[in-house]
Amino acid sequence: TVMAAAGSCSWFPPLALGVSLLKCLFINAYHSTDFEVHRNWLAITHSLPVSRWYHENSSVWTLDYPPLFAWFQWSLSHVAQHFDSNMLRVENLDYVSPGAVLFQRLSVVFTDGVFIYGATECCRCVQEPKEQRDVLSRPSFVLAVLLLWNFGLLVVDHLHFQYNGFLFGFLLLSLAKHLQHRHLQGALLFSILLNLKHIYLYMAPAYGVYLLRSYCFTQDHRDGSVRWSSFSPLRLLALGAIVTSVCALSFGPFVAMGQLLSLSTLGVHLKLLEEAELPRASMTGGLVQEFHHSVLPSVTPSVTLVCTLLSILPALLSLWGGPRGPRAFLRVLLICSLGSFLFGWHVHEKAVLLAILPLSILAVQNREDAGTFLVLTTTGHYSLFPLLFTPAEFPIKVLLMLMFTIYSFTALRKLHSGPGRLLRPLEYAYLLGLNAVAITCEVALPLSPWQQTLPFLPLLVTSVYCSVGVCHSFLRLYVSLLRPEEKPKQL
Amino acid sequence: MQTWSLVSICVLLALVVRWGVSLNSYSVLLFLVCACVYVLSAGKHWISFPFIRLSDVSPGAGKPPMFGDYEAQRHWQEVTYNLPLQEWYFNTTENDLMYWGLDYPPLTAYHSLICAYVAKSINPEWVELHKSRGYESPKHKLFMRATVLVADLILFIPAVVLYCLYLTDGSSRKKVSTLFCFLLYPGLILIDYGHFQYNGVSLGLALWGVLALGLGWDALGSLAFCLALNYKQMELYHALPFFCYLLGKSVQLGLMGRGLFLLVRIASTVLGTFALCWLPFLSDPDHAMQVVRRIFPVARGLFEDKVANTWCSLNVLVKVRYILSSDSQIYLSLACTLLAVLPSCVRLLTKPTFWQFKLALANSSLAFFLFSYQVHEKSILLVALPVCLLLNDLPLVAIWFLHASTFSMMPLFLRDGLLVPYVVTSLAFLYFSIYLLSPLEHCSEDTLRLGVYRKLLFFLPKLDLAWIVRWKFYISVAATAGLSFVTVALVPPSHLPDLFPLLVTSTAFLQFLGTFIYLNIVQFSEPPSRKSNKKKK
């Protein structure tokens, strides 16, 4: 394999700098309630003793992320006090000031540095074709654009407001370490990530099975089944030590202070997830609305849990069954995140990014995955449209989405420029249909009289239409995973 | 990747940047400026709020602030929609010309009228006569911003795309890079989408004119340019090169034969276009004269505010405004302008090629900017357009000038609260143009066309002129960065309140003057293609 030489990546800094500057232009744009959520957490971590962090509930937005994220907010708050110290008072609910906006926005832009670093590491793992190609059609370049300029991440982080870039940076770094066969570092990064945000638990089954199978067992039988005698307890011990020490570091202080209850806040959060006012209708890949409640029968959390497990079980078994490289692991990871996105409880539409970003790595190397990527990103990104409902941000979301879609289609088609198509005609028709849905839901319906009687109709249409695409890409992923003798990749 | 997808991505990105800038404020003092100052000033005395001086906010303290160009454009919509056409340019009981009276040519008025119809259909309050004065709301802002974007999308951006694809040399990658830098020129974006104006319309029309002339459609080109002239009278900065190019071309074709035919065709196009634009005002000669008087106000003084032109910079040393009477000021500036324009126009007349035409456009508009009467700092955009046309041929000088031109408008941006967009777009432009056009890598005396300088400096044979130019570029970029920082972060000494704006304008002026001399010399040296063949010179 020819790894991308470090020196030939002169195009990386312009891509990263360009997107960072673009993010700075959105400082004044609309931000959602998540802005206040994070401001409140800044205030809590800054002005309260550690023991009170998970008990403070003067705001509705209690701290409900794992402890490492709280520490992250705590460290940010030390910079924040130089911008506007009033934003750090717990009693200043719904506080917005120019300084606060500037600081919060810039903090997202700057902590995206982790994401940029993770993206470089991933680009380095991409196998480059033997023949010298034009820069624009090199897999590593395409991957860098697909990751750094990802529409969903731009919209969710820099308009809607969240710190996903920072978190995905850890995920990408961890994936890159696995691709480079440095499993211990990968496991360490992933356990840090888990302690930053527990949504990544969805990916944990894939990590667990893969590490156990490919790291703890050092040898396979000739037919690919596991050789039980090659089990290495030392490796398992090392893995276990890493995971438990990270968790101990993050939860330990709270336990040691006798604040066992602090853990319960997270429990409450999980419970909140379960008792969320609305059942998430399995099969809809979009916004959850009360609308569904009246239409669809209520689904209990335990049912969704079983569904999720059932949906990812074949993938986990196949990962266990054969000697698969890191790419199969990536595929199973995607199936885990998509499966929980489809069948999980109270999943937010933003969770589709959990699948889109890792899939980019596969898309630049494999034809089949590129097709899946195109279906999934286009529908998944479109399902994020309802997040930004303000008219001023409408042009931005449309233009950015168009830009990303045009780029991903042309670049991937050029990259896999062999005979045959990336997508089947029906899939093309489906994606073209998205245009019609977009015009109906974004322009026609809001202006029509139905806006009054059926206010959630656009959301429902968007959800249902997008769920078809997400389900389809889920199945496509399964097919490409379970296809019996997959030849090694062409590239 | 195909060129079309790269082009469409460039255009989409340019649109996103434009809309991103337009999310910021248009009028005075956005909170972000305060925020940045606040950040810098936390706990330090020597920093405070340097741009929140009332004299800056409203020229003529004591008067209530009269808003800015945004309100002017809105007010024109109100006037053109509600009043009969005969009253537009007259001071009547319904039309107070002292309050942002219409002072642009008829096409601007028609454009306002169209916008007003759209505005009326959305929300009648926006254009209600008298009552809508100073109307501001997020929805209205959105509407106004959208009109700018639509105008840009129809006129300016297609012209830029076509120009870069058809009239620049090099590989398609090079063309797309030029397109990208052209579309991302920060000055125009910040003025149109931040400060609020419709320069994209007049500049776009002028660019269509250049494009048509470049493709050999002379009559169409003059039509487009006449429309530009009828949109903004400032397009006169470009008029002489258009005139000289077309005249020179006709003369070349033979004034007795095809040349005469061409000349007549162009003349009739020009007259026809003007007649069409002015048709409603022609019924009464007085009326037409009033429009002309409104368009060319000579009573405003030699220069306004702080402009990076000769008079304002000279003002530091010699107070011309107080020495000479206002009439002699006009004559002086007229004489200087004509003298400065003359060389490049004569050269163009004798050698009407497209290359000379582009250079003459830059030279003439720069001469007007530097020497003419009553120049606004925003007029530098009229120079920036022809310099953008040179991005492919003279990358280093073009980038240098474009950067300096954005910098020269910095005081205005700060007043409008556009600090963050200014920093972001300037950085992006500088970085990407240098990365994509790589002017510093292929920077030699030959590509910089320094032959004449070499001859002038024959007594210093060992000097590497390209090296000197490169360092001058670095120093000037450093100076702009330093001055930008100083203006934002420091308070000027109390006895010199205008110290920083003056430093900014004089720094920019020096760079403009240097560019002016350089481009004139380039115009008089050999054209690019022949230069590489003949080494005699």
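Bear in mind that the values here come from a model prediction, so they are computed numbers and not experimental data.

Quick word on the overall build of chain B
Helix and strand content of chain B: 24 helices and 0 strands. Out of the 537 residues in chain B, the part that is buried amounts to 58%. Across chain B, the fraction of contacts at a sequence separation of at least 24, relative to all contacts at a separation of at least 6, is 76%. For chain B, the exposed surface amounts to about 22200 Å²; the carbon and sulfur share of it is 70%.

With respect to the overall build of chain A
Looking only at helices and strands, chain A features 20 helices and 0 strands. Residue burial in chain A is summarised as follows: out of 491 residues, 59% are buried. By sequence separation, contacts in chain A at least 24 residues apart represent 77% of the contacts at least 6 residues apart. For chain A, the accessible area works out to roughly 19500 Å², and carbon and sulfur atoms hold 68% of it.

Digging into the nonpolar core
Judged by nonpolar contacts, the single largest core of 321 residues is most densely connected at Phe12, Leu148 and Leu412 of chain A together with Trp88, Phe182 and Phe512 of chain B. Counting only domains with at least three residues in this core, you end up with domain 1 (58-166 + 198-296) and domain 2 (304-534) of chain B. Residues contacting Leu412 of chain A, with those up to four places away along its chain left out, are Val142, Leu146, Ala363, Val364, Ala370, Phe373, Leu374, Tyr407 and Leu422 of chain A. With 6 residues, the next largest nonpolar core counts Phe303, Cys312, Val320 and Tyr373 of chain B among its residues.

Quick word on unusual backbone geometry
At His181 of chain A, a position not held by glycine, the phi torsion is positive, near 65 degrees. Looking at where His181 of chain A falls in the secondary structure, it is placed in the loop between helix H7 (164-179) and helix H8 (183-194). His181 of chain A gets classed as exposed once you look at its relative accessible area, which sits at 53%. Of note, Ser438 of chain B is a non-glycine position whose phi angle comes to about 35 degrees, a positive value.

Considering the UniProt feature "transmembrane region" (unreviewed entry) in chain A
Residue and element names in this part refer to chain A. UniProt annotation of "transmembrane region" (unreviewed entry) refers to residues 135-156, 199-216, 236-256, 303-321, 328-347, 394-416, 428-450 and 456-479 when read in the numbering used here. Secondary structure across residues 199-216 divides into 72% helix and 0% strand, with the first and last C-alpha atoms of the span separated by 26 Å. Helix makes up 96% of residues 394-416 and strand 0%, whereas the separation of the span's terminal C-alpha atoms amounts to 33 Å.

Observations regarding the packing of aromatic side chains
Residue and element names in this part refer to chain A. This structure, assessed with the given rule, holds 55 aromatic pairs over all chains. Ring plane angle 65 degrees and centroid distance 6.2 Å describe the contact between Phe69 and Tyr163, whose orientation is recorded as edge-to-face. Of the two residues, Phe69 is situated in helix H3 (residues 67-80) and Tyr163 in the loop between helix H6 (151-161) and H7; the sequence distance between them amounts to 94 residues. Across this residue pair, the class does not change: Phe69 and Tyr163 are buried. Grouped by ring-pair contacts, the aromatic residues Phe35, Trp41, Tyr65, Phe69, Phe72, Phe161, Tyr163, Phe166 and Phe170 constitute a single cluster. The residue whose ring lies beneath Arg235 is Tyr215, and the NZ or CZ to ring-centre distance is 4.5 Å.

Overview of the interface of chain A and chain B
Between chain A and chain B, the residue contacts involve 36 residues of the former and 35 residues of the latter. Together chain A and chain B conceal approximately 3100 Å² of surface at their shared face, both sides included; 80% is due to carbon and sulfur atoms. Three residues, Leu25, Asn28 and Leu399 of chain A, lead the burial of chain A against chain B; their summed loss comes to 21% of the area buried on that side. A salt bridge links Asp134 of chain A to Arg173 of chain B; the nearest nitrogen and oxygen atoms lie 3.0 Å apart.

Quick look at the domain arrangement of chain B
Residue and element names in this part refer to chain B. Assigned domains of chain B: these are domain 1 (58-166 + 198-296) and domain 2 (304-534). Facing 24 residues of domain 1, the contacting portion of domain 2 comprises 24 residues. Carbon and sulfur atoms supply 79% of the area buried between domain 1 and domain 2, which totals about 2200 Å² over both sides. Counting across the interface, domain 1 meets domain 2 through 1 salt bridge. The shortest N-O distance in the salt bridge between Lys378 and Asp69 comes to 3.1 Å. Counting the contacts that link domain 1 with domain 2 gives 5 residue pairs in polar contact (both at pLDDT 80 or more). Taken together, the elements giving at least two residues each to the side of domain 1 that touches domain 2 come down to helix H6 (138-166), helix H9 (199-214) and helix H11 (239-278). Of the residues forming the side of domain 1 that touches domain 2, the biggest block, 9 residues, is contributed by H11. The residue inventory of the side of domain 1 that touches domain 2, partitioned by class, reads 16 nonpolar, 5 polar and 3 charged.

What counts and what doesn't
- Residues numbered from 1 in each chain as written.
- Chains lettered and ligands numbered in written order.
- Predicted model: local features only at pLDDT ≥ 70, side-chain atom pairs only at ≥ 80, totals over all residues.
- Heavy atoms only, no water.
- Helix = DSSP H or I, 4+ residues; strand = E, 2+ residues; numbered from the N terminus.
- Buried < 20%, exposed > 50% of the residue type's maximum accessible area, 1.4 Å probe, protein only.
- Contact = heavy atoms within 4.5 Å.
- Areas by Shrake-Rupley, 256 points an atom, 1.4 Å probe, with all protein chains shown as cover.
- Core = buried A, V, L, I, M, F, W, Y, C linked by side-chain atoms within 4.5 Å.
- Domains from an automatic or database assignment.
- UniProt positions renumbered as here; feature names shortened; annotations may be inferred.
- Phe/Tyr/Trp six-rings, centres within 6.5 Å; stacked < 30°, edge-to-face > 60°.
- Lys NZ or Arg CZ within 6 Å of the ring centre and 35° of its normal.
- Buried area = accessible area lost by both parts, 1.4 Å probe.
- Salt bridge = Lys/Arg side-chain N within 4 Å of Asp/Glu carboxyl O.
- Polar contact = N/O pair within 3.5 Å; in protein donor to acceptor, adjacent residues only side chain to side chain.
- Nonpolar A, V, L, I, M, F, W, Y, C, P; charged D, E, K, R; others polar.

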